Amino acid sequence: DPMPASIVQALEVLGDYHITYSHENALDILPGGVSKAKSLAHLAQQYGLGKENVIAFGDNINDIEMIQWAEIGVAMGNAHNRLQVVADIIAPDNTDAGIAVVLEDLLDL
């Protein structure tokens, strides 16, 4: 979504930054180079895992990069529609044990 020019100008004083949205009307401003996807990649690397070993679950716009990075990106059934569009799997709602349902299915439990 285009950022109003007044906000872009105000943010220029921060230098390098990354913007995402946790909700339609909530702007998340992070230090440059920081995102959920990069944090997940770093964590996977610490454990000696490649992205092919990662399943990521999310429910909002700020999870898009993360579920796109993971080998399997899962949007919860109650997730924002912009996240559901890019997900590999749509899980049941978080109130319906959606994560457990997907893991049991993927791991044949």
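Residues numbered from 1 in each chain as written. Predicted model: local features only at pLDDT ≥ 70, side-chain atom pairs only at ≥ 80, totals over all residues. Heavy atoms only, no water.

Novice: What should I look at first to understand the pattern of salt bridges in this one?
Specialist: Charged atoms that come close allow side chains of opposite charge to pair. In this structure the tally under the stated criterion is one salt bridge. Residue K36 is joined to D63 by a salt bridge in which the shortest nitrogen-to-oxygen separation is 2.6 Å. Of this pair, K36 sits in helix 2 (residues 36-46) while D63 is found in the loop between strand 3 (55-58) and helix 3 (64-69), placing the two residues 27 residues apart along the sequence. (Salt bridge = Lys/Arg side-chain N within 4 Å of Asp/Glu carboxyl O. Helix = DSSP H or I, 4+ residues; strand = E, 2+ residues; numbered from the N terminus.)

Novice: Honestly, the sheet that holds strand 4 (residues 72-75) in this entry has me stumped. Any pointers?
Specialist: What links the strands of a sheet is backbone hydrogen bonding, and the strands pair in either a parallel or an antiparallel sense. Pairing in this open sheet of three strands is parallel, and the strands run 3-4-5 from one edge to the other. Of all strands in the sheet, those with a lone pairing partner are strand 3 and strand 5 (89-90), marking the two edges. The strands that helix 5 (residues 98-106) touches are strand 3, strand 4 and strand 5; relative to strand 3, the one it contacts most, it runs at about 160 degrees. (Pairing = 2+ DSSP bridges. Contact = heavy atoms within 4.5 Å. Axes fitted to C-alpha atoms, helices over the stretch in contact; angles between N-to-C directions.)

Novice: Can you help me understand the environment of A79 in this one?
Specialist: Tracing the chain through its elements places A79 in the loop between strand 4 and helix 4 (81-86). The class for A79 is buried, based on a relative accessible area of 9%. Contacts of A79, omitting those with residues within four sequence positions, involve G58, D59 and Q84. (Buried < 20%, exposed > 50% of the residue type's maximum accessible area, 1.4 Å probe, protein only.)

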